[in-house]
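# Notes for the structure review
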Amino acid sequence: MILLNEKICHIAIPKTACTTVVQHLYAKHPRSNVWPENELVFQRIKNENFTYWKNVGHATLKESIIQQPIAKHCYKTCTVRNPYDRLVSLYYHCYRAVFDSQLRYNQQFWINNNYTTCLKSFESFVEFYHNEFYPSLQEDEQLRQIFATNTFGNPYEDYISLFLPQSAFVFDDDDKMTIDEVFRFEEIEKMLDFYEIPTGKRHQNKNPIKPQNKQYIDYYNKHTKDLVKKFWEKDLDLFKYAF
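Being a predicted model, the structure only gives us computed values, none of them experimental. (Residues numbered from 1 in each chain as written. Predicted model: local features only at pLDDT ≥ 70, side-chain atom pairs only at ≥ 80, totals over all residues. Heavy atoms only, no water.)

The next thing to look at is the packing of aromatic side chains. Tallied over the entire structure, the rule returns 19 aromatic pairs. Measuring from ring centre to ring centre gives 5.3 Å for tyrosine 84 and tyrosine 220, while their planes differ by 85°; the resulting arrangement is edge-to-face. Note that tyrosine 84 is positioned in helix α3 (residues 83-99) and tyrosine 220 in the loop between α9 (188-194) and α10 (222-231), a separation of 136 residues in sequence. Members of the aromatic cluster, joined through ring pairs, are Tyr84, Tyr91, Tyr92, Tyr95, Phe122, Phe125, Phe128, Tyr216, Tyr219, Tyr220 and Phe243. Its guanidinium or amino end placed over the ring of tyrosine 241, arginine 184 lies 4.1 Å from that ring's centre, counting from NZ or CZ. Directly above the aromatic system of tyrosine 219 lies the positively charged group of lysine 214, at a separation of 4.1 Å from the ring centroid. (Phe/Tyr/Trp six-rings, centres within 6.5 Å; stacked < 30°, edge-to-face > 60°. Helix = DSSP H or I, 4+ residues; strand = E, 2+ residues; numbered from the N terminus. Lys NZ or Arg CZ within 6 Å of the ring centre and 35° of its normal.)

Structure, rendered in structure tokens:
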């Protein structure tokens, strides 16, 4: 997300409180000053190898620069989250998409691909991520081809963004990061203060079906812990996180 006049670019990594940030900025600034002008905007992105559709509300830094070259010259921020904690949040996000009777907004993606059984438990979800998506994450183009038909035209979800590691949003191919300020979800008040988000408007996207009395460590056993360490090793290393 880019504030064009202020030249501030916030890379909205899913499941890192980005909804709180972007909703505040959309409410505070005229749409003519914001890119993209709405939260859910699919655009065709063309890089050196292929073309794909993407919800640019969750554009990576590379994609932001492709679509809006001014991003290269902006003051760039993002928020990162402990990968173990983020995966628990991602599980409940996907679970709600299928099983919450009040908000079954993307059942077809899971049903059409015979993925619903993986959402019956957190362990099966971690195994599903490892077996289905981790191999594809090794090749960015392959991942985009897998999701190409599932994301275009869907006004609610962008599975490309959801399943990408956080490092893919802000690091280049040489593991160099050009973000000016990296906030941590664990110290979220610093990010909220930076964007001057009022106290009453903070934490806008809490999942109502996620138990609030459980910590992320309560969801893991040795098997799932080892799998996350394998497929998000880069995030753990580059952002200096541990279990």
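The next subject is the pairing of strand β6 (residues 75-80). Of all six residues in β6, five are buried; the element is thus mostly enclosed. Pairing between strand β2 (residues 8-11) and β6: four bridges, direction parallel. Looking at β6, one finds that isoleucine 8 is bridged to tyrosine 75. (Buried < 20%, exposed > 50% of the residue type's maximum accessible area, 1.4 Å probe, protein only. Pairing = 2+ DSSP bridges.)

Positionally, histidine 29 belongs in the loop between α1 (18-28) and β3 (34-35). A polar side-chain atom of histidine 29 sits 3.5 Å from a polar atom in the side chain of asparagine 33. In contact with histidine 29, other than residues within four places in its own chain, are Leu3, Glu6 and Val34. (Polar contact = N/O pair within 3.5 Å; in protein donor to acceptor, adjacent residues only side chain to side chain. Contact = heavy atoms within 4.5 Å.)

Residues tryptophan 35 and proline 36 are joined by a peptide bond in cis, for which omega reads -5°. Considering the arrangement of structural elements, one finds proline 36 in the loop between β3 and β4 (42-46). Here lysine 7, not a glycine, exhibits a phi torsion of approximately 55°, which is positive. Relative to the assigned elements, lysine 7 resides in the loop between β1 (2-3) and β2. Not every positive phi belongs to a glycine, and lysine 15 is a case in point at roughly 70°.

Below, the discussion takes up the nonpolar core. Counting 48 residues, the largest nonpolar core has Ile11, Leu87, Phe125, Val170, Tyr220 and Phe231 as the members making the most contacts within it. Taken together, the elements giving at least two residues each to this core come down to β2, β6, α3, α5 (122-137), α7 (159-163), α8 (167-170) and α10. By residue number, the principal contributor to this core is α3, which donates eight residues. Ignoring any residue separated from it by four or fewer positions in sequence, one finds isoleucine 11 in contact with Ala59, Thr60, Leu61, Ser64, Thr77, Cys78, Phe169, Val170 and Ile179. Counting residues in each nonpolar core, the second largest holds 15 residues, with Met1, Leu3, Ile8 and Leu192 among its members. (Core = buried A, V, L, I, M, F, W, Y, C linked by side-chain atoms within 4.5 Å.)

So, on to the sheet that holds β3. The strands making up a sheet associate through backbone hydrogen bonding, with each pair oriented either parallel or antiparallel. Pairing is mixed across the open sheet formed by five strands, whose spatial order is β3-β1-β2-β6-β7. Both outer strands of the open sheet, β3 and β7 (181-184), are each paired with one neighbouring strand and no more. Relative to β7, β6 is paired through four bridges, and the arrangement is parallel. Paired with threonine 77 across the two strands is glutamate 181, which belongs to β7.

Its place among the elements puts glutamine 166 in the loop between α7 and α8. In this view, glutamine 166 contacts Ile13, Thr16, Thr79, Val80, Arg81, Pro83, Arg86, Asp235 and Phe239; residues no more than four positions away in its chain are not counted.

Opposite charge on two side chains makes pairing possible when the charged atoms of those side chains draw close. What the rule picks out here adds up to four salt bridges. Residues glutamate 187 and lysine 190 are paired through a salt bridge, measuring 3.5 Å at the closest nitrogen-oxygen approach. With relative accessibility at 53%, the residue lysine 190 sits in the exposed group. Salt-bridge contacts for lysine 222 lead to aspartate 226; the nearest nitrogen and oxygen are separated by 2.8 Å. Here lysine 222 and its partner aspartate 226 are both found in helix α10, four residues apart, which amounts to about one turn of the helix. The class for aspartate 226 is partly exposed, based on a relative accessible area of 36%. (Salt bridge = Lys/Arg side-chain N within 4 Å of Asp/Glu carboxyl O.)

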